[in-house]
Amino acid sequence: AAESATSSTSESTGDSKFKMINVTKENKIYKIMLNRPAKKNALNHQMYDEIIQALDEAGKDNSTLAVITGAGDYFCSGNDLENFTSGAGGDIPGMAKAAREILLRFVGAFISFPKPLIGLINGPAVGISVTTLGLYDLVYCTDKATFHTPFSNLGQSPEGCSSYTFPKLMGTAKASELLLFNKKITAKEALERNLVTEVFPDHSFQKETATRVEQYAQLPPQSLQISKRLNRRAEIDLLHRVNADECDVLVERWQSDECMNAIMNFFKRKTSKL
Amino acid sequence: AAESATSSTSESTGDSKFKMINVTKENKIYKIMLNRPAKKNALNHQMYDEIIQALDEAGKDNSTLAVITGAGDYFCSGNDLENFTSGAGGDIPGMAKAAREILLRFVGAFISFPKPLIGLINGPAVGISVTTLGLYDLVYCTDKATFHTPFSNLGQSPEGCSSYTFPKLMGTAKASELLLFNKKITAKEALERNLVTEVFPDHSFQKETATRVEQYAQLPPQSLQISKRLNRRAEIDLLHRVNADECDVLVERWQSDECMNAIMNFFKRKTSKL
Amino acid sequence: AAESATSSTSESTGDSKFKMINVTKENKIYKIMLNRPAKKNALNHQMYDEIIQALDEAGKDNSTLAVITGAGDYFCSGNDLENFTSGAGGDIPGMAKAAREILLRFVGAFISFPKPLIGLINGPAVGISVTTLGLYDLVYCTDKATFHTPFSNLGQSPEGCSSYTFPKLMGTAKASELLLFNKKITAKEALERNLVTEVFPDHSFQKETATRVEQYAQLPPQSLQISKRLNRRAEIDLLHRVNADECDVLVERWQSDECMNAIMNFFKRKTSKL
């Protein structure tokens, strides 16, 4: 996509440390593009790691704000379920523990990110790419975006601090539809439920949001950081506690029969379609 | 109503321990129907007690979730004001203390209920049947439902944790309209204010919600319980404190001139209509 | 305006202690009208002081509730930036410290106000007159009202407890648009974001809101105060902490280059228009 090309005027990192994401730095904007479009930008462990590194770098450099978006048609299809099946050599408890550590650090990087963080949701979002939206400062989406957190279908439970942020954003009665009962919502519904700041027609989404973000990046950076810190101050400790609680619960979930059966069925359905 | 009939395939309790409510258990759904339609399902002390018992039973049995609905045209007309006039033999402080105990236990049973709790609001809801909605996990209502909490009209004050949940759901400026200034709202307004998950046309309400609930009841039960517990974890202690505070305040209110005059006027108006 | 005239049946204070606001007391309503229409009701230090005094008086007298509105076309254009340039004799740290004290007391008076507080937003609202809206119990506005908090444009940061109340009212993604990115919103948007209880057509705003407020003022006053106290109980300590945090941050902001440059530019633009 045109957006992922490193512009000639940018101070692009140009290094090869990132394989799964594409990072550009220009006009005081640190832009992270999830770049695994053939997998609908599903998050494997290396991708989690690279996003954590990029957020760390973005928090310290001279950019005013950071942006996260996706390459291709999807924003992000969530946790790559192959994380559960590959590389662990059958050591389920070890796999669960490792997954816990990376999830804890990943969500923690969002909670602690010191500058404004803007999500440009270019298409469907699933799982942890939805649950972490409550930790962004601004979320713009195309009208083709959808939001889906099918946790109980997979025998799992909420993460990304959504067990705290979603009831706060939309009330328990609407949050449970998403977090317990697997409802997929539209962009308009996500706007009404305060997950999203504004919805744009797909044809003008890239252009309109780029204009906005460029304007915001010219605002006084200290004022923005300090204002963001104030907005988060009353609940930052709670957010870290919620993150730890959610990760602890997931470690148990991943080793439960409910979850293993659900994931096995997922791969069976996938295979049967081949 | 057809919905209250115990189906032949159900594991109905069939016992006679409940007089004011009707309980059915089928398809992993524990369904509580308020069953005092001639009194618009107003809650007298026995009814409070039976609901507490039923919730306790539902939390422990093999059902996946619990449902509360009402028989007849009303969901529930709130606290039966005859609780204030009958049986106390003029011992107002004793009456107030007893009412506090049952209210504390009643709301506490909602706060602590361990499984998904779904409200099917089949008609108008008043008082505590509205204020406790913030403690449900899902609230479906017919478009004929209305929601009314006329506390200050009766010299009373909020309960059901609404002094905490309502400002959280809709902001203080809208919560005060309900909790301080006696505004009755429509189903659509309740949806906009996050009290309600979804509104259904009255003619299809029973059928559509039954279909949904049956689907939800087939989801992995451990995943649902654990997800609900996470959603509530950050505030469960606070909810119990708020409940106790609200009950303490009401004990004073019930013994105040403002309240006694308001209730006396209520019965005068009622009598003058006979 | 007709609304600011002291009616002949009122127990008007009639005293001369207030110069910047107009206070009337009638029908159990304590009404504060910001009365500096030539300056769009911008708040200078004397005006802050008078509002604090008036709220103190309103909290103790026999009125049932208090109302705040503005004279003329504006509700309030926010902090008078001349507070930063006049009277300090170049002693910036001294000016910042004095401004902190008055802001802390001003917002504290809203947090602790014991009776229902109703905002009648008669026109555009800016800065602290917007951020304190989360501390009112009811906010009615005309459809000509707008709401604008241009903090980062001025190198400043949120106050009025908005860093806490705005994310609670509308979610972080929408709160940041206002608190970080200077978005001005309409009355309808303020309603959707729970800042406002109801919007009225401008031509009927004065009449319709007067009728409502008069009805509310006849409700049992103890019940209203006790209900308001309950609504605020769970977060009153937090609100005072947030207020202090916000004021501490602003003291630093006011002495920062970002802020001084922004304010200097503001006055340059203003002068160049003369």
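See above for the structure.
Computed from a predicted structure; not experimentally measured.

Enquirer: Pulling in residues and values, what's your account of the interface of chain B and chain A?
Expert: Chain B puts 30 residues into the contact, and the matching count from chain A is 29 residues. With both sides pooled, the region where chain B packs onto chain A buries about 2400 Å², and carbon together with sulfur makes up 60% of that total. Broken down residue by residue, the surface that chain B buries against chain A is led by Asn194(B), Leu230(B) and Asn231(B), which jointly contribute 23%. Taken together, the links from chain B to chain A amount to 1 salt bridge. When the shortest N-O distance is used, the salt bridge between Asp245(A) and Arg233(B) registers 3.3 Å. Tallying contributions element by element places helix α8 (residues 221-233) of chain B first for the side of chain B that touches chain A, with 10 residues. Along the lines of polarity and charge, the residues of the side of chain B that touches chain A split into 17 nonpolar, 7 polar and 6 charged.

Enquirer: Any details on the interface of chain C and chain A? Residues and values, ideally.
Expert: Reports often express the size of an interface as the amount of accessible area lost when the parts come together. With 29 residues of chain C in contact, the opposing surface of chain A contributes 30 residues. At the junction of chain C with chain A, the criterion picks out 1 salt bridge. At the boundary of chain C and chain A, one finds 8 residue pairs in polar contact (both at pLDDT 80 or more). A per-element tally of the side of chain C that touches chain A places helix α5 (residues 172-179) of chain C first, with 6 residues. The class makeup of the residues in the side of chain C that touches chain A is 11 nonpolar, 10 polar and 8 charged.

Enquirer: Help me get a handle on the sheet that holds strand β9 (residues 198-200) of chain A, residues and values and all.
Expert: Residue and element names in this part refer to chain A. The 6 strands lie next to each other as β1-β2-β3-β4-β6-β9, forming an open sheet whose pairing is mixed. Whereas interior strands pair on both sides, the edge strands pair on one side only; in this sheet they are β1 (21-26) and β9. Between one strand axis and the next, the sheet turns by 20° as a mean value, whatever way the strands run.

Enquirer: How would you explain the nonpolar core if you had to name every residue and give the values?
Expert: Residue and element names in this part refer to chain B. Phe-147 and Leu-195 are the most contacted members of the largest nonpolar core, which totals 86 residues. For this core, the element with the highest residue contribution is helix α2 (residues 92-112), accounting for 10 residues. If sequence neighbours within four positions are ignored, Phe-147 has contacts with Ile-121, Ala-125, Val-130, Leu-133, Cys-141, Lys-183, Lys-184, Ile-185, Thr-186, Ala-187, Ala-190 and Val-196.

Enquirer: Please give an account of the pairing of strand β3 (residues 65-70) of chain C that cites residues and values.
Expert: Residue and element names in this part refer to chain C. In terms of burial, β3 is a largely internal element, 6 of the 6 residues being buried. Here β3 shows two buried faces, one formed by Leu-65, Val-67 and Thr-69 and the other by Ala-66, Ile-68 and Gly-70. Direction of pairing for strand β2 (residues 29-34) relative to β3: parallel, over a ladder of 6 bridges. The residue bridging Ile-32 from the neighbouring strand is Ile-68, located in β3. Each parallel crossover has a hand, and the one from β2 via helix α1 (residues 45-60) to β3 is right-handed. Here β3 runs beside strand β4 (residues 117-121); their pairing, made up of 4 bridges, is parallel.

Enquirer: Which residues make up the relation of the copies chain B and chain A, and what values do they have?
Expert: Two copies of the chain are present, and they differ by a rotation about an axis and a shift along that axis. Between chain B and chain A, which share one sequence, the superposing operator has a rotation angle of 120° and an axial displacement of 0.0 Å; the RMSD is 0.0 Å. What the superposition gives is, in effect, a three-fold axis relating one chain to the other. By C-alpha distance to the rotation axis, the residue of chain B lying nearest is Lys168(B), at 4.0 Å. Different-surface contact between copies: only 3% of interface residues of chain B are shared with the interface of chain A.

Enquirer: Got a sec to walk through the relation of the copies chain C and chain A? Specific residues and values, please.
Expert: Superposing chain C onto chain A requires a rotation of 120° together with a translation of 0.0 Å along the rotation axis, leaving an RMSD of 0.0 Å. Interface overlap between copies: only 3% of the residues of chain C at the interface are likewise at the interface in chain A, consistent with a contact formed by different surfaces.

Enquirer: Describe the environment of Pro93(C), listing the residues and the values that go with them.
Expert: Residues and elements named next belong to chain C. Position of Pro-93 relative to the elements: it lies in helix α2 (residues 92-112). Residue classification places Pro-93 among the partly exposed positions, given a relative accessible area of 49%. Remark: the alpha-carbon pair of Pro-93 and Val-139, spanning 46 residues in sequence, is separated by 36 Å.

Enquirer: Give me the pairing of strand β6 (residues 138-142) of chain B: which residues, what numbers.
Expert: All names here are of chain B. Among the 5 residues that make up β6, 5 are buried, leaving the element largely enclosed by the rest of the structure. Alternating positions in β6 separate into two faces, Leu-138, Tyr-140 and Thr-142 on one and Val-139 and Cys-141 on the other, with burial throughout. Summarising the sheet, strand β4 (residues 117-121) and β6 pair through 4 bridges and their orientation is parallel. Note that in β6 the partner of Leu-120 across the bridge is Tyr-140. As judged from the 3 bridges shared by β6 and strand β9 (residues 198-200), these two strands associate in the parallel manner. The partner of Cys-141 across the bridge, within β9, is Val-199.

Enquirer: If you had to explain the packing of aromatic side chains to someone new, which residues and values would you point to?
Expert: All names here are of chain C. According to the stated counting rule, one finds 18 aromatic pairs over all chains in the structure shown. Ring geometry for Phe-110 and Tyr-136: centres 5.6 Å apart, planes at 50°, overall tilted. Of this pair, Phe-110 sits in helix α2 while Tyr-136 sits in the loop between α3 (128-131) and β6 (138-142), and the two are 26 residues apart along the sequence. For the residue pair Phe-110 and Tyr-136, the accessibility class agrees, reading buried in each case.

Enquirer: Tell me about the side chain of Thr69(C), and please be specific about residues and values.
Expert: All names here are of chain C. Counting through the fold element by element, Thr-69 comes out in strand β3. Among the polar contacts listed, one links the side chain of Thr-69 to the side chain of Asn-122, at a separation of 3.4 Å. Apart from residues no more than four positions distant in its own chain, Thr-69 is found in contact with Lys-31, Ile-32, Met-33, Leu-34, Phe-75, Leu-120 and Asn-122.

Enquirer: Describe helix α9 (residues 236-254) of chain A, naming the residues involved and giving the relevant values.
Expert: When the terminal C-alpha atoms of α9(A) are compared, their 27 Å separation across 19 residues agrees well with the 27 Å that a helix rising 1.5 Å per residue should span. Along α9(A), the positions that sit buried rather than exposed are Leu239(A), Val242(A), Asn243(A), Glu246(A), Cys247(A), Val249(A), Leu250(A), Val251(A), Arg253(A) and Trp254(A).

Enquirer: Give me the lowdown on the sheet that holds strand β2 (residues 29-34) of chain B, citing residues and values where you can.
Expert: All names here are of chain B. Spatially, β1-β2-β3-β4-β6-β9 is the arrangement adopted by the 6 strands of the open sheet, whose pairing is mixed. The open sheet has two free edges, formed respectively by β1 (21-26) and β9, since each of these has just one partner strand. Taking each pair of neighbouring strands and ignoring which way they run, the sheet shows an average axis angle of 20°.

Enquirer: Give a detailed account of helix α7 (residues 202-216) of chain B, specifying residues and quantitative values.
Expert: Residues and elements named next belong to chain B. Taking 1.5 Å per residue, 15 residues should reach 21 Å; α7 reaches 21 Å between its end C-alpha atoms and fits that length. Among all positions in α7, only Ser-204, Phe-205, Thr-209, Val-213 and Tyr-216 are buried. Among the structural elements, β2, β3 (65-70), β4, β6, β9 and α8 are those in contact with the buried residues of α7.

Rules used throughout
Residues numbered from 1 in each chain as written. Chains lettered and ligands numbered in written order. Predicted model: local features only at pLDDT ≥ 70, side-chain atom pairs only at ≥ 80, totals over all residues. Heavy atoms only, no water. Contact = heavy atoms within 4.5 Å. Buried area = accessible area lost by both parts, 1.4 Å probe. Salt bridge = Lys/Arg side-chain N within 4 Å of Asp/Glu carboxyl O. Helix = DSSP H or I, 4+ residues; strand = E, 2+ residues; numbered from the N terminus. Nonpolar A, V, L, I, M, F, W, Y, C, P; charged D, E, K, R; others polar. Polar contact = N/O pair within 3.5 Å; in protein donor to acceptor, adjacent residues only side chain to side chain. Pairing = 2+ DSSP bridges. Axes fitted to C-alpha atoms, helices over the stretch in contact; angles between N-to-C directions. Core = buried A, V, L, I, M, F, W, Y, C linked by side-chain atoms within 4.5 Å. Buried < 20%, exposed > 50% of the residue type's maximum accessible area, 1.4 Å probe, protein only. Right-handed = clockwise from strand over helix to strand, strands pointing away. Least-squares fit on C-alpha atoms with pLDDT ≥ 70 in both. Phe/Tyr/Trp six-rings, centres within 6.5 Å; stacked < 30°, edge-to-face > 60°. Expected span 1.5 Å × (residues − 1).

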